[in-house]
Each structure stands twice: as C-alpha cells, then as structure tokens.
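Here's the letter readout for the chains.
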Amino acid sequence: MASGWRGILGFDYGIVQAPLGPDISGPELAAAVADAGAIGLLRLPDWPAPDRVRELIRKTRSLTSRPFGAAIVLAFPHEENLRVVLEEKLAVLQVYWGEFPRERVEEAHRAGVKVLHQVGSLEEAAKAKEAGVDGIIVQGREAGGHVIGQEGLFPLLPRVVDLVSDSGIPVIAAGGIVDGRGYVAALALGAQGICLGTRFVATEESFAHPIYKQKLIEMSRTDYTNVFGRARWPDAPQRVLETPFYAGWKSNLSDQETEESQPIIGHSIIHGVGKDIHQFAGTVPNATATGDIGSMAMYAGQGVGLIKEIIPAGEVVKRLVAEAKGVVRERLSDLK
C-alpha cells in the first residue's frame, strides 16, 4: 500500500485536487497543491475562452515551479481551451463527462500531456482503458458536485482495478474521501491514489466564497439531487449541502421548473465574465459572489462532516500522507 503516497504520474504523492467549478480551483489553489507535491488542477471555463485559459496557466506558473494540470468538462464546448492546454504543454489534462477516444489521448501525448479520465461506471472505465489514458479517476456517488455515476465508490473501485490490472494504468479513488483513513481504505481496494474535492474547497487558497467555506465546516448532511442547473446542464445530478434553503425547496420544486424561470438572487464574476445567478442555478458562489449567498448551490461530498477547519492546501496534502502512514503503522502493522 505504501506506493500510494510515493507518487503517481511523476508527482511526489498520489493525491489529486479535483477540479472545482466554476472557478473555485484557480491558480492559487492549483499552485499550492503543486508546491506540496500533489496534482493541482485548474478548472477551465465551460465556454470557449482560449485567452483566459492561457492567462490562468501562466499565472499558475508564476506561482509555482512545479508541474500542474487543467480540467475540462467534455459536455461543454472545449476544443479551443483544449488546444491551449496542449500548446502550453501542461503536465496533466483531466477530462470528465464524455468520451475522449484514443486519437485525442494520442494527440495529448504528442504534446507531452498525460491524460486522466474521470469515470462513474465500469463501462466508462473500459472505454478509458481502450483509449490508452494515463490514469483513471473512479468517482463514487458519495462525491460532491456533479456526479455521473450511480454506484458507491467502494463497490465500483475494485472492479475497475481488476479491469485495468493488465494495463499498468493507475486507478485513483474519488468520492467522500477527506482524511488518511479514507486514503488507506482506497489503497486497500487497489487504488494508487485519491482525488479530493470538498476538502480542497475548504482551504485558504480556494476561490470559494467565505460563507460557502464556513458552511462546509458547520454542516454534515448532503443530498443527491437534480434541482440545480437543470437548464444549463440537464441530466447532470449533483450532491449538495442540505442548507436551509435547499431543505425547504427540495420537495417543492416541480420537475418542469428550471433556473431560467426563477428570480435573480445574486451576481458573480466567473473567469472574468460577469454573470447573473438565478435561484436554482448550478453555480456555486465564488469569492466575488454577491446577493443571497445562502440560497445558492453549495456542492459537497458525503465526507463533509469530517471537515472541521479551513487550512492551507499544502497542509491538506501533508496531513493526508501523515495520517495514512499513521493508520498503517498503528492499526494494520500487526495484521498477518
């Protein structure tokens, strides 16, 4: 199991900071994670914005000399943004919510970019393996934010590990993992790394709104729902905090209602573009958000109840490794 914290894909540790939308994982967070020896990922815009993407990459490079990556959601227009990632020769490209066939993976490889494909089913994992990706992130239903799969992490993870066992592709576990205990559990099931989202939202460097961060350390209940962002991203369920606003509405919104028919409750600047935020929009509040913050979507995984404080992202990485080693040393070393 020790190989899990000795690194994957050339990084010091087998820890991936999930891409956090819409722009919560910006240069400051990705750079801090990279400096700690883990894999930091910029969350790129969901619309064509090549100049913005280049700006994000170059700002991150001004903050760290370590390698890092970027992530795109394949369900949205991404070709121009992808071109910039390849031109800038980032260390890692993470893709999600769609297919990324072998010819695209080979294109990335020609640019020196390694590809991580996040999946939510065995079928998706098989396609990623066939495409020749460099790593597969297995996301369980416990994860926060948009969740493509319906299976729990621990039933799905070992099946994907078995599927790719003859390929050498590292498998990375995502969904509900917050501390070293979850890290070791994932390694025991065959993963070589872990991917964390909610834990990295609750860091000093994340671009989340302070109220959102505070809710993550105050609350412990989440729900899997489809009430947010139906118009912009249909059939894309998400896991959110059960805030008072959400709890009051989750059973009272008709299936036909979308955010387009709802009032504007706030405003935000997302990747440099001003946006109105409608009630039930799928946009989490970033640091620029104004208005009724408590009524906005707040994504969180089921492990949120284990988060008790806002700490630097580098400290998250440090604690994960130390805690995981401690679990093995103190609880597992006597097992024969």
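My aim in this report is to walk through the structure given alongside it, one point at a time. These figures come from a predicted structure and were not determined experimentally. (Residues numbered from 1 in each chain as written. Predicted model: local features only at pLDDT ≥ 70, side-chain atom pairs only at ≥ 80, totals over all residues. Heavy atoms only, no water.)

As for the overall build of the protein chain
Scanning the protein chain from terminus to terminus reveals 11 helices and 14 strands. Compactness check: the protein chain gives a C-alpha radius of gyration of 19 Å against a globular reference of 20 Å for 336 residues, within 12% of the reference. The principal-axis extents of the C-alpha atoms in the protein chain amount to approximately 60 × 45 × 40 Å. Expressed as a percentage of contacts within the protein chain between residues at least 6 apart in sequence, the contacts between residues at least 24 apart total 61%. When the accessible surface of the protein chain is totalled, it reaches about 13600 Å², and 49% of it is carbon and sulfur. Positive and negative charge centroids in the protein chain, built from 35 and 41 side chains respectively, lie 5 Å apart. (Helix = DSSP H or I, 4+ residues; strand = E, 2+ residues; numbered from the N terminus. Rg over C-alpha atoms; globule rule 2.2 N^0.38 Å. Contact = heavy atoms within 4.5 Å. Areas by Shrake-Rupley, 256 points an atom, 1.4 Å probe, with all protein chains shown as cover. Lys, Arg positive; Asp, Glu negative; His and termini not counted. Charge placed at Lys NZ, Arg CZ, Asp CG, Glu CD.)

Brief notes about the nonpolar core
Counting 105 residues, the largest nonpolar core has I15, I136, V138, L157, I194 and F200 as the members making the most contacts within it. Examining the composition of this core, we find that 7 residues originate from one element, helix 11 (residues 313–332), more than from any other. Among all residues touching I15, those that are not within four sequence positions of it are A38, I39, Y183, I194, L196, F200, V317, L320 and V321. By size, the runner-up hydrophobic cluster in this structure holds 6 residues, among which are V73, F76, Y96 and W97. (Core = buried A, V, L, I, M, F, W, Y, C linked by side-chain atoms within 4.5 Å. Buried < 20%, exposed > 50% of the residue type's maximum accessible area, 1.4 Å probe, protein only.)

Observations concerning the sheet that holds strand 12 (residues 264–270)
Reading across from one edge, 13-12-14 is the order of the 3 strands in this open sheet, with antiparallel pairing throughout. Two strands lie at the open edges of the sheet, namely strand 13 (273–278) and strand 14 (290–291), each paired on one side alone. Relative to strand 13, strand 12 runs antiparallel, the two being bridged by 6 bridges. Bridge pairing in strand 13 places I264 opposite H278. (Pairing = 2+ DSSP bridges.)

Looking at the side chain of H209
Here H209 shows up in the loop between helix 8 (198–201) and helix 9 (210–218). Accessibility expressed as a relative area gives 12% for H209, which makes it buried. Not counting the four nearest positions on each side in its chain, H209 is found in contact with P285, N286, A287, A289 and I293.

Section: the packing of helix 7 (residues 180–188) against helix 11
Contact geometry for helix 7 and helix 11: axes closest at 7 Å, N-to-C directions at 70 degrees. Considered as vectors, helix 7 and helix 11 are oriented roughly perpendicular to each other. When the axes of helix 7 and helix 11 are compared, the crossing they make is right-handed. In this structure, helix 7 uses G180, R181, Y183 and V184 to contact helix 11, whose residues at the interface are L320, E323, A324, V327, V328, R331 and L332. In terms of residue class, the contact of helix 7 with helix 11 is built from 7 nonpolar, 1 polar and 3 charged. (Axes fitted to C-alpha atoms, helices over the stretch in contact; angles between N-to-C directions. Parallel < 35°, antiparallel > 145°, perpendicular 65-115°, else oblique. Left-handed = near helix turned anticlockwise from the far one by under 90°. Nonpolar A, V, L, I, M, F, W, Y, C, P; charged D, E, K, R; others polar.)

Side note on helix 7
Within the span of helix 7, buried status applies to G180, G182, Y183, V184, A186 and L187. Contacts made by the buried residues of helix 7 are with strand 1 (15–17), helix 6 (153–163), strand 8 (171–174), strand 9 (193–196) and helix 11. Once helix 7 finishes, G190 follows within two positions and takes phi at roughly 105 degrees, a positive value.

Observations regarding the packing of helix 2 (residues 50–63) against helix 3 (residues 79–87)
Geometry of a packed helix pair, given as the angle between the helix axes and the separation of the axes. Where helix 2 meets helix 3, the axes come as close as 8 Å, and the angle between the chain directions of the two elements is 35 degrees. Regarding helix 2 and helix 3, the two cross each other, and that crossing is right-handed. Within the contact between the two elements, helix 2 uses P50, V53, R54 and I57 and helix 3 uses E80, N81, R83, V84, V85 and E87. Classifying every residue of the contact of helix 2 with helix 3 by side-chain character gives 5 nonpolar, 1 polar and 4 charged.

What about helix 9?
Along helix 9, the residues classified as buried are Y212, K213 and L216. What you see down the axis of helix 9 is that its buried residues fit within an arc of 100 degrees, all on one side. Set apart from the buried face of helix 9 by more than 90 degrees, the exposed residues are P210 and E218. Its buried side turned inward, helix 9 meets helix 8 and strand 11 (238–241). (Arc of directions from axis to C-beta.)

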